[in-house]
Structures are given as C-alpha cells and as structure tokens.
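# Structural overview
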Amino acid sequence: MRANNSWIAQQFLKFAEGPAPAQTPVADATTQAESGTAAALKKYLANTWVVYIDALACHWNIQGDKFQPLHGVFNDIYSMLFTSIDVISERIRQLGPYVQGSLKGFAADATMSEDVETTDWRSMCLYLKTRLSALVTEAKAMMATLNPTTDEATKNLLIGQISAYEKWIWMLDSFLK
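Here the residue numbers are simple positions, counted from 1 along each chain's written sequence. Local features in a predicted model are, by the rule used here, given only for residues with pLDDT of at least 70; side-chain atom pairs are given and counted only at 80 or more, and totals for whole chains, interfaces and linings are based on all residues. To obtain the side-chain values, all non-hydrogen atoms of the structure were used and water was disregarded.

As a further point, take the overall build of the protein chain. Where helices and strands are cited, they refer to DSSP runs of H or I of at least four residues and of E of at least two residues respectively, numbered from the N terminus. For the protein chain, the helix and strand inventory stands at seven helices and zero strands. In the protein chain, the succession of helices and strands from N to C terminus is α-α-α-α-α-α-α. In the protein chain, which comprises 177 residues, the share counted as buried stands at 36%. Restricting the contact set of the protein chain to residue pairs at least 6 apart, pairs at least 24 apart contribute 79%. A simple rule labels every residue: compare its accessible area, found with a 1.4 Å probe on the protein chains alone, to the largest value its type can have, and call it buried under 20%, exposed over 50%, or partly exposed in between. In what follows, residue pairs with any heavy atoms lying within 4.5 Å of each other are defined as contacts.

Okay, structure coming up:
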C-alpha cells in the first residue's frame, strides 16, 4: 500500500511540474518586453510621477480661505496617484522590464513637465484638473492599442485609473463652480 502512495505522489509531481519551459534567448525576451505595452506604460508611469509631484506642490502650498478643504483634497489626490504609481510599476514588472527608479529617469521618460507655480486655490484646482485630464487622455489612447483578448490585465488597470481620475476631475470641477 505504501508503494502505491509513492507511485501516486510521483505521478502527481510529474503532472504538477508540467513540460519543460521553452528556452527563449534573453535578448529576444528583453526586446519583446521593452516594446509595445511596457514601453507605453513606462511613459505613462513617468507622467503619473509628474502629476503626483504637482499634487504634492499644491498640497504643500495651498493658502487662504480654502486651505482646509483643499489641503485634504490635494492629499487625497496625491495619495491616489502614489497608489497608481505602484500599480503601474508592478504591471510593467509583470510584463518583464525593470522599472527605473530615479527622478532623472522619470523626467527623461515623461512628456509632461513640472510647472505648478501658483498658490491661488482656483488656479491649483484648474491645473490639477488639466493634468488629470491629460492622464485620462493618455490612458484611453493606450487602451486603444491593446489587444483586447490577450492583455486584459493592462486594460483593467487603465479602466481603474480612468475611473479614479475622472472622479477627481468631476470633484475639482464641482469645487470650482
């Protein structure tokens, strides 16, 4: 009886291990991973970092009679963006490439620049609304290039980002009225 259990265990292990993985040259795998979706996500990640820094600047520099509510709103926005940065970075790693981690590198990859230079609450709200709208536009453009049957994970990530950013755009717009 004991030998039978050993045979069953051996068969299970053979099944669980599956066939040997195909050998892919490292250069080909890296080249493939760096192209397409991962490259677009790296640019999107860099732009998200820029907007994150902008939201921090608004949070730190808000003043006047709208300080209390907007200090909290800007905190919520930069916290959401920080979470987005982590999610985007992890998706890039799932696709294969490493995520660079320097401000210099993010600045080189970004198509947006850091340029919030106001302490006026209305200008800050308009500025962040514009920046979040730019991220939504970028995410929607990226979604249009995805293969809908093979990259559900990236599509779902972007849908979540778009939904969160559009909610904050609506809130900022409502605050400005």
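On to the nonpolar core. Among the buried residues, those of types Ala, Val, Leu, Ile, Met, Phe, Trp, Tyr and Cys that are joined through side-chain atoms within 4.5 Å form a nonpolar core. One finds Y44, F74, I77, L81 and L132 to be the most contacted residues of the largest nonpolar core, which totals 46 residues. Of all the secondary structure elements, the ones that give two or more residues to this core are α3 (37–61), α4 (67–95), α6 (121–145) and α7 (152–176). It is α3 that contributes the most residues to this core, twelve residues altogether. Setting aside residues up to four positions removed in sequence, I77 forms contacts with A55, L128, W168 and L172.

Helix span is expected to be 1.5 Å times the residue number reduced by one. Over its 25 residues, α3 runs 36 Å from end to end, which matches the ideal 36 Å to within 8%, given 1.5 Å per residue. With respect to burial, α3 is a largely interior element, 18 of its 25 residues being buried.

Turning to the environment of T119, a few remarks are in order. Its location among the elements puts T119 in the loop between α5 (103–109) and α6. Assessed through its relative accessible area of 36%, T119 is described here as partly exposed. Linking T119 and G64, residues 55 residues apart in sequence, is a C-alpha distance of 8.9 Å. The contact partners of T119, leaving out residues within four places of it in the chain, are N61, Q63 and M124.

Our next topic: α7. Between its first and last C-alpha, α7 extends 36 Å over 25 residues, near the 36 Å set by a 1.5 Å rise per residue. When α7 is considered as a whole, its buried residues turn out to be T154, L157, L158, Q161, I162, Y165, W168, I169, L172 and L176. Buried residues along α7 sit against α3, α4 and α6.

Among the secondary structure elements, R91 is positioned in helix α4. For R91, a relative accessible area of 12% translates into the label buried.

What follows concerns the packing of aromatic side chains. Pairing of aromatic side chains here covers Phe, Tyr and the six-membered ring of Trp, requires ring centres within 6.5 Å, and sorts the geometry by plane angle: under 30 degrees stacked, over 60 edge-to-face, intermediate tilted. Under the defined criterion, the tally for this structure stands at five aromatic pairs. Considering the side-chain rings of W49 and Y52, the 5.4 Å spacing of their centres and the 85° angle between planes classify their relative orientation as edge-to-face. On the criterion of helical spacing, the pair formed by W49 and Y52 is a turn pair, its members being three residues apart in helix α3. As far as the burial class goes, W49 and Y52 line up, both buried. In textbook terms, an aromatic cluster arises when at least three aromatic residues are bridged by ring pairs, as seen for W49, Y52, Y78, F82 and F106.

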